[in-house]
Amino acid sequence: MHNFEFIRATSVAEAAEILRDDPEAGLLSGGQTLLPTMKQRLAAPSKLVSLTAIEALKGLSQEGDSLTIGGATTHAEVAERAVGIFPGLASLAGRIGDPAVRNRGTIGGSLANNDPAACYPAAALACGAMMVTDRREIPADDYFLGVFETALQDGEILTAVRFPIPEAACYQKFIQPASRFSMVAVFVARFADRVGVAVTGASEDGVFRWAEGEAALGAAFTPDAVQGLSLPETGMITDSFGTGAFRAHLIPVLTARAVTSLTAG
Amino acid sequence: MPMVTMTVNGQPRSAEAEGRTLLSQFLREALGLTGTHVGCDTSQCGCCIVEVDGRAVKSCAMLAQEAEGARITTIEGQAAEDGTMSKVQAAFVQEQGLQCGFCTPGMVMSVTELLRHTPKPSIDEIKHHLEGNICRCTGYRNIIKAVLVASDQPLGALASDH
Amino acid sequence: MVEKYGTAQSPVDLESEALVKGQGQYTDDIAPAGALHGVFVRSTVAHGIIRSIDTAAAAELPGVLGIYTARDLADAGTNPIMFMVPLMSADGKTPVPYVSTPRPALAGDRVRHIGEAIALVVADSAGAAQDAADLVEVDIEELTAHIGTRLSEDPVEDPIWDEAPNNQAYTWYAGDQEAVQATIAASPYKVTLELNNQRLAGSPMEPRAATASFDPESGRYTLYAGSQGTMFLRKGFADALGVGMDKVHVISKDVGGGFGLKVYVYPEYVAISVAARLLGQAVRWTATRSEALQADQGGRDSHCTVTGGFDADGQLNALYCDIIGNMGAYSIGIGPRVPSSVIAENIVGPYATPLIGIRSRGVHSNTIPTSPYRGAGRPETTYMLERLMDEAAIQLDIDRVELRRRNLIDREQMPFTNQFGHVYDSGDFAAVLDGAMASSDWAGFEARRAEAATRGKLRGIGCALFVETAGAYFQEPLDFRVTEDGMVEVRVVGVSTGQRHRSTITHIACSILGIPLDKVRYIAGDSDDVPVGSPTVGSRVGQMTGSAMHIAAHSAIERGRAIVGHLSSGQPNDITFANGVYTVAGTGETMAFLDLPRRLAEARAEGREIEETLDAVETFQSPGFSFPNGCHVAEVEVDELTGEMQILNYTAVDDCGNVINHREVEAQLMGGIAQGIGQGIMEQMVYDESGQLLSGSFMDYAMPRITEMPQAMTIVDLPDPTPSNPLGAKGVGESGTTASVSTVANAVADALRARGVTNLQTPLTASRLWEAMRTASA
């Protein structure tokens, strides 16, 4: 990779200042996606500002029916600590990549990068999470703009994400066997007044909410409610691991599996 | 070039590192700890796993400067000073959980972390924990056996392989 | 007489402890301090004409010491790398013409695949070399890229080699084509299958690496590089450098996996050697994984159309295989032999087919050259035979196991000379079939299928029988010495890439000589220090090197007996040998085998003239291949809704002859099976039509992880020893792969047959299985 200056920021303000002063500077959180990308020389920042030493960006806190997770919290920490609060999210976090990746990768890094096959964006979108930055709060529906694109502006730092805690949630992940990212994955979140269904890995436009599935499950939270539905294969990713038709087909199947697992017993 | 200092296998170690120097490079090139291997560029294979502050991480996906002040344990720190293999290492040898040996340091480091928090892992837990360690030689079966032996568990159905 | 080693003893393992402690000496681990770093500039275009290479900006960077292109290598007197092993006719007598494809170490006027090296940048740090490589500007005029394993009858636009207007590399025939076709035409049942063996990447976990240096005084190059044996590599290396064999020294220490792709010289080794000479300093290079995927030789990649003519009672009257083998851009190693002569060596299999014909045609494409990958033609051959048997069983409405039985060669027919002249000296194919049926509870399968159906799972079972060739290159030298300090020194050619050769060979030596394991120094991998011979290929080391060890140890005992005769009062026939000690009958005088060199030296110092020595280079000459065989069974479940597939049980019943070390045999089988499963269910190198590599990292090249392995495995040895070597051992390194691709494919086909699926091609991904079910039901 190209060389850069490494800076370990001790506060969000310090990190923000560096980014403001140098438009070529970039943020480093867990680095599990960024460093491989830089090795491929697809990114070449002048400075990398590490966020992982900023204590304010770490940890989980529950307030009433919402869970706030600091941007520099690792997947492993979420997997371990969210179990009693938001088990569906803990389970998702415990299946990102592999244990060593989970020990470094962070939720903020994942959401800021918005890889079209990443896991967290599905949970954030299905739950209607709030993205908290050093400047403002952005609802998930306004945040995910497309493949590797978010509403974050230059130099804006994602400091936390605040999830409304659903009554029940389940993440069904069909893995891409080489990368262990999702080939298609569905997050189903059931709230008192609505059901959120978000899909990652499938669409050429990145993570999306499956409105038809949400409506059907909102009316009847049963596997049968979605089993008969279908999505168009247009716009779905086709690659050597699966056709667009296959990905489209998996969405209701995985959604039904999630509902089954939430309603069984 | 900035100087980086960390505790490696219990010893304080310092050396220069560029911003881009990966922890794996730093261990191998600057400290001469070549037991940590690099098998891919995209943190899939797990050959480079070391422990950083008690957590297994892929050292090819971490910068050396990020490890400033950290406690690092590598494969070279697993055996006792007199050369006695750790329980995990001995189990890998006993069950032939390796062939070419290139992925083995990462495997051993991964298993060592697993057994610390899950002393008696089930086969499913073993598989879930080793999903990020690719071995091209063994077909993994003897690796599962090694983990069972290292955690004092019977081989059960796996014993009937031979 | 056939001796048996150690089946009852605890396994000997002299190698694993160092590796498990991280003390291995892989090539990149032992690069000398201060060695310069080389980084290659590679083609990003699959096919094109190099118009210019601008290195000026790169040369300006601090730390850069040299930038080399094709012109520099030509000035230094290097030659292109040439295809080494002639393609011979089926009878082995006549060379078959093929397109000459001189492969430059650095491409000069033309690039022929993505990742082909164009320039080498050498700098005092890896970072500086990489930064500079990024600044090298290469202007390439693109030509039409040729991708895919298909052959045009007509000339194509921009052929890869002028000599081959339709990119055809060779045409090769075996058997009586007309008789085979006529017999098939006259058979009441004609069964045809098209089978694709997709391109694979061997991907040993250790990426290729090398360090080169040059000694101006001796004029010798030294190359450290992982290999399966230094001798073939040394030859190609010397030829490419334009020097004699005595001017190159090649050393392989620990090697992190080979699988067939670490046998021959690679372009990078030549380029860094020239740079080392010109700079007067050692130059090191280690491939990144994305480089490895672009520049390691590829595996498989052939398209086979197989046709069988059957009688109504299931007799296979004639078999025809029409094969297109994708050579990639260049023919390298034994590349052209894999889809041709290796197929002929293996196509008879366990069946007494009266007539077999093969047509094999090679095609060049704008991809990495292909050459052997574990099995190298054997898995492809088994795939043709065993998929054909299953499909014929359906069409003839005969049970698939019964159909195989009706065609088997009987144990009583041994020695059986097959149609292509190879002699099966042993092998009880009915016994391995019976054994596999019993071990897998084949008879009880339908109940398991019915149970699975209640869970929405399509359960299938499949088997594959195979007979394969092992022991390629029939001469094996071994240098045996005993030193005055009482150590046996054994020098062998083949390098272990994970097979624990040292353990197995030392074990044989110590069993015969009656000496402790720590009294053997095992030396391999240094071309200055080992005999000239063949590398670790073709499942050969156990039987070949093992037999050479056996012969060397026994002959040393006899030479020792004569020496003891001189040193004592006894006559050689009065001297017995047991547990490492000679005893002179009558006097009871004893002498330890390991003491003889010291005693000889003392006697000579006293002026006695004794010519004998314990030392000798012994060569084992094998009469031909051995024929490992077996029957494997897999049981799978496929999810009806998603095509997700799980391998539940895998049973391997193998005859690899006498077993020297059961645990090693089992390890080789399990590893081989895993690689075959990889081909069966997930691995594939993917190029798009423009020749861009889409599976360019481990993010996109899928290999089995621990989660993909069968839930249960049973491995059974059913040895029928071969008389062709003193150990009675057959090969085992490739058997697992040879069988498992077909075994898994047959099991999946069986699972999906109820849904009307008839055509399946590997890799059997969930998407493909789902698409196949969807298409069949439409």
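Residues numbered from 1 in each chain as written. Chains lettered and ligands numbered in written order. Predicted model: local features only at pLDDT ≥ 70, side-chain atom pairs only at ≥ 80, totals over all residues. Heavy atoms only, no water.

> Before we move on, can you summarise the overall build of chain C with the specific residues and values?
Secondary structure summary: chain C contains 19 helices and 28 strands in total. Against the globule reference of 28 Å for 778 residues, chain C gives a C-alpha radius of gyration of 28 Å, in line with a compact fold. With the principal axes as the frame, chain C shows a C-alpha extent of 95 × 70 × 50 Å. Looking at the 778 residues of chain C, the share that counts as buried comes to 66%. When contacts within chain C are restricted to residue pairs at least 6 apart in sequence, long-range pairs at least 24 apart make up 80% of them. A total accessible area of about 25,400 Å² is found for chain C, and carbon and sulfur atoms account for 49% of it. (Helix = DSSP H or I, 4+ residues; strand = E, 2+ residues; numbered from the N terminus. Rg over C-alpha atoms; globule rule 2.2 N^0.38 Å. Buried < 20%, exposed > 50% of the residue type's maximum accessible area, 1.4 Å probe, protein only. Contact = heavy atoms within 4.5 Å. Areas by Shrake-Rupley, 256 points an atom, 1.4 Å probe, with all protein chains shown as cover.)

> Which residues make up the pairing of strand β2 (residues 11-16) of chain B, and what values go with them?
Taken together, the 6 bridges between strand β1 (residues 3-8) of chain B and β2(B) define a ladder with antiparallel strand orientation. The residue of β2(B) that forms the bridge with V4(B) is A15(B). (Pairing = 2+ DSSP bridges.)

> Can you explain the domain arrangement of chain B? Please cite residues and give values.
Residues and elements named next belong to chain B. As far as domains go, chain B holds domain 1 (3-77) and domain 2 (87-155). If you average the C-alpha positions of domain 1 and of domain 2, the two centres end up 21 Å apart. Contact with domain 1, which involves 18 residues of that partner, is made by 15 residues of domain 2. Summed over both partners, the interface of domain 1 with domain 2 comes to about 1,200 Å²; 57% of that surface belongs to carbon and sulfur atoms. (Domains from an automatic or database assignment. Buried area = accessible area lost by both parts, 1.4 Å probe.)

> Explain the sheet that holds strand β2 (residues 48-54) of chain C to me, and be specific about the residues and the numbers.
Residues and elements named next belong to chain C. Within the open sheet, the 3 strands sit side by side as β4-β2-β6. Their pairing is antiparallel. In this open sheet, the two strands that pair with only one neighbour each are β4 (110-111) and β6 (137-142). With 6 bridges joining them, β2 and β6 adopt antiparallel strand pairing. Bridging across to β6, S52 finds its partner in D139.

> Provide a residue-level description of the environment of G570(C), including the pertinent values.
Residues and elements named next belong to chain C. Here G570 is to be found in the loop between α15 (541-567) and β22 (575-578). For the pair G570 and V636, spaced 66 residues apart in sequence, the C-alpha to C-alpha distance is 67 Å. In this structure, G570 is in contact with G565, I575 and V584, ignoring residues within four places of it in sequence.

> Please give an account of the interface of chain A and chain B that cites residues and values.
Contacts between chain A and chain B engage 33 residues on the former and 25 residues on the latter. Here chain A and chain B share an interface that buries about 2,300 Å² over both sides, 50% of which is from carbon and sulfur atoms. Contact with chain B buries area across many residues of chain A, yet F6(A), K39(A) and R104(A) alone supply 21% of it, more than any other trio. Across the contact surface, chain A and chain B share 4 salt bridges. For the pair chain A and chain B, the interface holds 18 residue pairs in polar contact (both at pLDDT 80 or more). Secondary structure elements with two or more residues in the side of chain A that touches chain B: β1 (5-8), α2 (34-39), β3 (47-50), α3 (75-81) and α5 (99-102) of chain A. The leading source of residues in the side of chain A that touches chain B is α5(A), at 4 residues. A class-by-class count of the residues in the side of chain A that touches chain B yields 13 nonpolar, 12 polar and 8 charged. (Salt bridge = Lys/Arg side-chain N within 4 Å of Asp/Glu carboxyl O. Polar contact = N/O pair within 3.5 Å; in protein donor to acceptor, adjacent residues only side chain to side chain. Nonpolar A, V, L, I, M, F, W, Y, C, P; charged D, E, K, R; others polar.)

> Can you break down the sheet that holds strand β23 (residues 581-584) of chain C residue by residue, with the values?
Strand-to-strand pairing in sheets goes through backbone hydrogen bonds, with the strands running parallel or antiparallel. Residue and element names in this part refer to chain C. The 3 strands lie next to each other as β22-β23-β24, forming an open sheet whose pairing is antiparallel. Edge positions in the sheet fall to β22 and β24 (590-592), since each has one partner strand and no second. Strand-to-strand twist of the sheet, defined as the mean angle between neighbouring strand axes without regard to direction, takes the value 25°. Two elements, β22 and β23, share 4 bridges in a ladder whose sense is antiparallel. In the strand pairing of β23, I575 is matched with V584. (Axes fitted to C-alpha atoms, helices over the stretch in contact; angles between N-to-C directions.)

> Describe the environment of Y687(C), with residues and values.
All names here are of chain C. Here Y687 shows up in the loop between α17 (662-681) and β28 (712-717). Between the alpha carbons of Y687 and F698 there is a distance of 15 Å; along the sequence they are 11 residues apart. Not counting residues within four places of it along the chain, the set of residues in contact with Y687 comprises I147, R199, T367, I368, Q692, L693 and L694. Only 3.4 Å separates the side chain of Y687 from the backbone nitrogen of I368, close enough to count as a polar contact.

> Residues and numbers for the interface of chain B and chain C, please.
Between chain B and chain C, the residue contacts involve 49 residues of the former and 58 residues of the latter. Carbon and sulfur atoms make up 53% of the surface buried where chain B meets chain C, a total of about 4,500 Å² over both sides. For chain B, the biggest contributors to the area lost against chain C are Q96(B), Q99(B) and R136(B); these three give 19% of the whole. The interface formed by chain B and chain C holds 6 salt bridges in total. Across the pair K145(B) and E666(C) runs a salt bridge whose closest N-O atoms are separated by 3.8 Å. Our count for the contact surface shared by chain B and chain C stands at 24 residue pairs in polar contact (both at pLDDT 80 or more). Breaking the side of chain B that touches chain C down by element, the ones donating at least two residues are α1 (23-30), α2 (87-94), α3 (104-117) and α5 (141-150) of chain B. Residues of the side of chain B that touches chain C, tallied by class, amount to 19 nonpolar, 18 polar and 12 charged.

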